[in-house]
Amino acid sequence: MLIVLLAHLVVAVAAPALVRWLGPRAFYLLAGAPLAAAGWAAAHTGQVVGGGAVESTHPWVRPLGLTLAFRMDSLSWLMVLLVGGIGALVLVYCARYFDAAEPGLGQFAAVFVAFAGTMLGLVVSDDLLLLYVFWELTTVCSYLLIGHSVTSRPSRRAALQALVVTTAGGLAMLVGIVMLGEHAGSYRWSEVAGALPGGWYLATAVGLILLGALSKSAIFPFSFWLPAAMAAPTPVSAYLHAAAMVKAGVFLVAQLAPAITVAGGPAATTWLVMVVGGGIATMLFGGWTALRQHDLKLLLAYGTVSQLGLLTAVLGVGGRDVALAGVAMLLAHALFKAALFLVVGIVDRATGTRDLRRLSGLGRRAPALAVAAGLAAASMAGLPPLIGFVGKEAVFASLFDTGVTGRVVLVAVIAGSVLTVAYTLRFVWGAFASKASVPGANPDGDAVSGVDRSVVSALLGAPMLIAVAGLAAGIAAPAVDRLLSPYAERFTAAGPVAHLALWHGPGLALGLSVLVLALGAVLFRVGLPARRRSARPVGRSGASGYDRLMAAVDRAAVEVTGATQRGSLPFYLGVTLLVLIAAAGTVLVVGRPFGQPVQLWAAPLHALPVAVLVVAAVFATRARRRLTAVILVGITGYAVAGLFLLYGAPDLALTQFLVETVTMVMVVLVLRRLPSHFSERPQPGTRWIRVGIGVAVGTVMAAMAYVAVGARTATPVSVDFPELAVSYGGGHNIVNVILVDIRAWDTMGEVSVLVAVATGVASLIFRRARRLHRRGPGDAPPTPPGGEPIWLMAGHTVEAGRRSTMLEVVTRLLFHSIVLLSVYLLFTGHNTPGGGFTGGLVAALALVIRYLAGGRHELSTAAPVDAGALLGAGLFVAVGTGIGAMVLGGQVLQSAVLDFHLPLLGHVHLVTSTLFDIGVYLIVVGLVLDVLRSLGAEVDRHQDADRKSEQDAEQRPEQDADRKFEQTEELV
């Protein structure tokens, strides 16, 4: 199973390239993926028909016990055949349906194949969480397919509507899945079905799952989204809305039915109301509205809504014979509705219209198309010898024998079937009959003047084949019975079992079939409301409710945003801190989890950095100058680093010192564009409120730290790290080994965040591409003056009043030493304090010094590389280290220890995780370089431009006066 799913993934990825290369003909190759799925299911027919199942399990998320568990039983086997077989035929249809100039055809092809794969995964998933993953993937793919025409507003709106409705239902379903899985201790449905809870717990879980199933299959009150989705291309409608996606909810109902219908209690009541009641309402409402449509595609869409209601109601009743009849109808509906949608696509392409009021005489012009449509329509109406007739008779007979509930549903099904016959006749009559009443029709009733017969002949193969399959299935009803009976055997039979057959002889079912056909013909002939009134959208109240709900959400978002997003940073911070105080403080006060003695310090010396921290923090709140406040806040960071050092964590202390220094530099660079003093001070009342909030937050955080330290009961995992650092990581610096080996995945995530931050700094602040400033147009540094000592390569570019010879000399003396120190920290960090992060910060500080001493041109001279290239190279090295270990047969990011002897160097101890550290080193240097160029060099360039503008403005009046004086002299 996994190989078939991966095949869909590979084909989907390759689809855009194939379409660019072959054009629409690429769809012939793409059809191979779903065809392979159908072939795979057909190859396991014997095993499934015998009552067995094809199972496959692959580890997924081991710590959580999640697996890729697949299971194909008889119901899944039927769905795989439909998804794969009809999917392949629809893709073949697409090869002739679309033109080479169709916008976004490559993306459409990729998403279509991906959807076929996700639908396949959905129907064979035995793990409920895996089923949910595929469930949501089908939602995303359907959103992209429905919204294929990006320039069409109805298409975009329909796609968004389908996405919102089905995603909301899917989220509710996820909650129900978690409830069942946690109760059973497993998420495998084959295990959960035998360990269901009882009472209202089960009723709640079932109700939530059904919200997802009913929303996906457009069951009342969610019916409105499916007709709107007819804005999608016809192949999408034929596949998603007839044979695949909307069947997902019906499939889930059928899977749940054997376990839920016998559960009894509140769960059975919930099931009956939502599944049977909702199905009946949908069937009648959709069928009645289908009679009011003039667009052939919309008529079929509303008919699909009605048929989905029928399937849901029948499968929800329960019982062996009803279940068999239900899956037979599921097969019949997929065949006749897919064929009819494809026929509509041909009618639209061949005539340029789908409006039945403008069509006349098409049956005479395209008889083969009429035959294909007639076969599919006959199956939809329930005429023999089609599979639709076999399934409909089985439904009539089985419901009559299922007690009071079954007979109530039978009455509704009869009414819905009458509507089905009526709108089937309306479809055939509207599309193919010769109608003299059509404007512009000739005496023979032929009003179709532009039938493109080449389109009909090119596209007819797929719908004809599907329609003939419906005929063959009806004739071979006993064989279909043997194939579908294993699903029905999951129910307990109350008496003699029934079987599918084309002819059961005279009886109730046959009489009801004749009655339905007769009443349907009468309704079409004499009671058709659409002849007198225009079409009205199905589910108008549902669509209106959706619109009102979305408008209310938008309005609420505006109001909440207006009330909370006031543009005031103190307000945002105050709200956040108050929530922290209220939530954590309440728990601390109510729970009183204080049981450990309080130890203020381990040694009196520890109080010194704490005192420095407190004093600096208090003075920072009193500072009026921005620079003073930044320096005082930096002192608090250095005090924390001192605490780390006193508690025996030199690695943390060194990193904290470096981070605090780099941060202060960056903040100071920003301060150049801000006033030197804070613009406003809070009023005395507001100030005391802020003091109170600060004290409360400090108290709560201190209490949380105290409780967290004293609440540990289990042995920390870190007790094993010293031994693992040597035996597994090959190093004695436990902190560095944790970062690059034991917890390397965490570090991978962190460096990825750093790359994203650097991208944001470069892209969002100035919205400029990264560049070296000396290479910018008109920004090259001037030639150094002769005779002057040159301490820095571009130090002469700094204005005389801003230069510091002492700083230039010190920078020249220390720069290379600092860089060498950074390299030393990089390569010795595995055994002594240091590592890639620390070394990168030290190298970055060397660049900072060059920038502060010589300006932006000196920075470009010191680092003549693109920051983005450094970031990309660092991430490539880090990721490549992990992949390299996997290629060599190890786990991702696994390290290898190499010990060897070199003649000059002696014993060399090398750990491959050093390569990972080199990647971190490059990323840190690239990040700081990017920030320096964005916040530093870029700000310098702006300031230079501003100064030049001011100088030009000051010189302009003098130049104007000189010009006027010269003009006066000339006049004299």
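Above: the structure in question.
Residues numbered from 1 in each chain as written. Predicted model: local features only at pLDDT ≥ 70, side-chain atom pairs only at ≥ 80, totals over all residues. Heavy atoms only, no water.

1. A look at a nonpolar patch on the surface
A surface patch of nonpolar side chains, amounting to about 1100 Å² of accessible area, comprises Val598, Leu600, Trp601, Leu605, Leu608, Val612, Leu627, Ile631, Ile635, Leu646, Tyr647 and Val668. Listing elements by their share of the nonpolar patch, those giving two or more residues are α27 (607–622) and α28 (626–646). Counting residues per element, the nonpolar patch draws most heavily on α28, which supplies four residues. Among the structural elements, Leu605 can be located in the loop between α26 (569–591) and α27. (Patch = residues over 30% accessible without salt bridge, like charges linked within 9 Å, V, L, I, M, F, W, Y side chains within 5 Å. Areas by Shrake-Rupley, 256 points an atom, 1.4 Å probe, with all protein chains shown as cover. Salt bridge = Lys/Arg side-chain N within 4 Å of Asp/Glu carboxyl O. Helix = DSSP H or I, 4+ residues; strand = E, 2+ residues; numbered from the N terminus.)

2. Considerations on the pattern of salt bridges
A full pass over the atoms with the stated rule returns 11 salt bridges. Among the salt bridges present, the one from Asp355 reaches Arg357, with a minimum N-O distance of 3.0 Å. Accessibility expressed as a relative area gives 18% for Asp355, which makes it buried. Residues joined by salt bridges that share partners form a network here, namely Glu55, Arg71, Asp73 and Arg490. (Buried < 20%, exposed > 50% of the residue type's maximum accessible area, 1.4 Å probe, protein only.)

3. Digging into the environment of Arg354
Following the sequence through the fold, Arg354 ends up in the loop between α16 (320–351) and α17 (362–365). By relative accessible area, which is 22% here, Arg354 ends up partly exposed. Between the C-alpha atoms of Arg354 and Gly430, which are 76 residues apart in sequence, the distance is 9.5 Å. Within the local environment of Arg354, its side chain forms a polar contact with the side chain of Asp295, the two groups lying 3.0 Å apart. Side-chain polar atoms of Arg354 contact the side chain of Asp348, separated by 3.4 Å. (Polar contact = N/O pair within 3.5 Å; in protein donor to acceptor, adjacent residues only side chain to side chain.)

4. Topic: the nonpolar core
In terms of nonpolar packing, the biggest core is built from 206 residues, with Phe27, Met72, Ile86, Trp225 and Tyr239 touching the most fellow members. By residue number, the principal contributor to this core is α16, which donates 23 residues. Filtering out sequence-adjacent residues up to four positions away, Met72 remains in contact with Met1, Trp40, Ala41, His44, Val48, Ala53, Val54, Trp77, Val80 and Val124. Grouped together as the second largest cluster of nonpolar side chains are 44 residues, Ala744, Val751, Ile818 and Val920 included. (Core = buried A, V, L, I, M, F, W, Y, C linked by side-chain atoms within 4.5 Å. Contact = heavy atoms within 4.5 Å.)

5. So, the packing of helix α18 (residues 367–381) against helix α20 (residues 403–432)
Remark: α18 packs on α20, axes separated minimally by 9 Å, with the N-to-C direction vectors making an angle of 170°. As the angle between them shows, α18 and α20 are arranged roughly antiparallel. Contacts between α18 and α20 involve Leu369, Ala370, Ala373, Ala377, Met380 and Ala381 from the former and Thr420, Val421, Tyr423, Thr424, Val428 and Phe432 from the latter. Residue composition of the contact of α18 with α20, by class: 10 nonpolar, two polar and no charged. (Axes fitted to C-alpha atoms, helices over the stretch in contact; angles between N-to-C directions. Parallel < 35°, antiparallel > 145°, perpendicular 65-115°, else oblique. Nonpolar A, V, L, I, M, F, W, Y, C, P; charged D, E, K, R; others polar.)

6. So, unusual backbone geometry
When glycine is set aside, most residues are seen to have a negative phi, and most peptide bonds are trans. Of note, the bond from Phe220 into Pro221 is cis; its omega dihedral lies within 30 degrees of zero at 10°. Tracing the backbone shows Pro221 in the loop between α10 (199–216) and α11 (225–228). In the segment running from Pro384 into Pro385, the intervening peptide bond is cis, with an omega of 0°. Even without being a glycine, Ala218 presents a positive backbone phi close to 60°. Considering the arrangement of structural elements, one finds Ala218 in the loop between α10 and α11.

7. A short note on the pairing of strand β1 (residues 54–61)
In this structure, β1 lies alongside strand β2 (residues 66–72), joined through seven bridges in antiparallel fashion. The partner of Val54 across the bridge, within β2, is Met72. Hairpin connection, β1 to β2: the antiparallel pair is bridged by four residues, and Gly65 has positive phi, about 70°. (Pairing = 2+ DSSP bridges.)

8. Here we look at helix α13 (residues 247–260)
Taking 1.5 Å per residue as the helical rise, α13 with its 14 residues ought to reach 20 Å, and the 19 Å between its terminal C-alpha atoms agrees with that figure. Burial runs high along α13: 14 of the 14 residues are buried. (Expected span 1.5 Å × (residues − 1).)

9. Brief notes about the layout of surface pockets
Approximately 2200 Å³ is the volume attributed to the largest pocket. For the largest pocket, the lining is made up of 49 residues, of which Thr621, Arg690, Ile693, Gly694 and Val695 are closest to its centre. Contributing elements (two or more residues each) for the lining of the largest pocket: α26, α27, α28, α29 (650–671) and α30 (684–710). If one sorts the elements of the lining of the largest pocket by residue count, α30 sits on top with 15 residues. (1 Å grid on protein atoms, 1.4 Å probe; cavity = no way out; pocket = protein on both sides within 12 Å on 5 of 7 lines; lining within 4 Å. Points joined across faces, edges and corners; volume = space filled by probe spheres on them.)

10. Notes on the packing of helix α34 (residues 805–828) against helix α35 (residues 836–862)
In a pair of packed helices, the angle between the axes and the distance between the axes together describe the arrangement. Two numbers describe how α34 lies on α35: the axes approach to 8 Å, and their chain directions differ by 165°. Taken together, the axes of α34 and α35 are roughly antiparallel relative to one another. As for how α34 packs across α35, the hand of that crossing is left-handed. Across from Leu807, Glu808, Thr811, Phe815, Ile818, Val819, Leu821, Ser822, Leu825 and Leu826 in α34, the residues of α35 making contact are Gly836, Thr838, Gly839, Val842, Ala843, Ala846, Leu847, Ile849, Arg850, Leu852 and Ala853. Grouping the amino acids of the contact of α34 with α35 by side-chain chemistry returns 14 nonpolar, five polar and two charged. (Left-handed = near helix turned anticlockwise from the far one by under 90°.)

11. With respect to helix α5 (residues 74–97)
The end-to-end C-alpha distance of α5, which contains 24 residues, comes to 34 Å, matching closely the 34 Å that a straight helix rising 1.5 Å per residue would cover. Taking the backbone nitrogen of Leu75 as reference, a side-chain oxygen 3.3 Å away marks Asp73 as the first, capping residue of α5.

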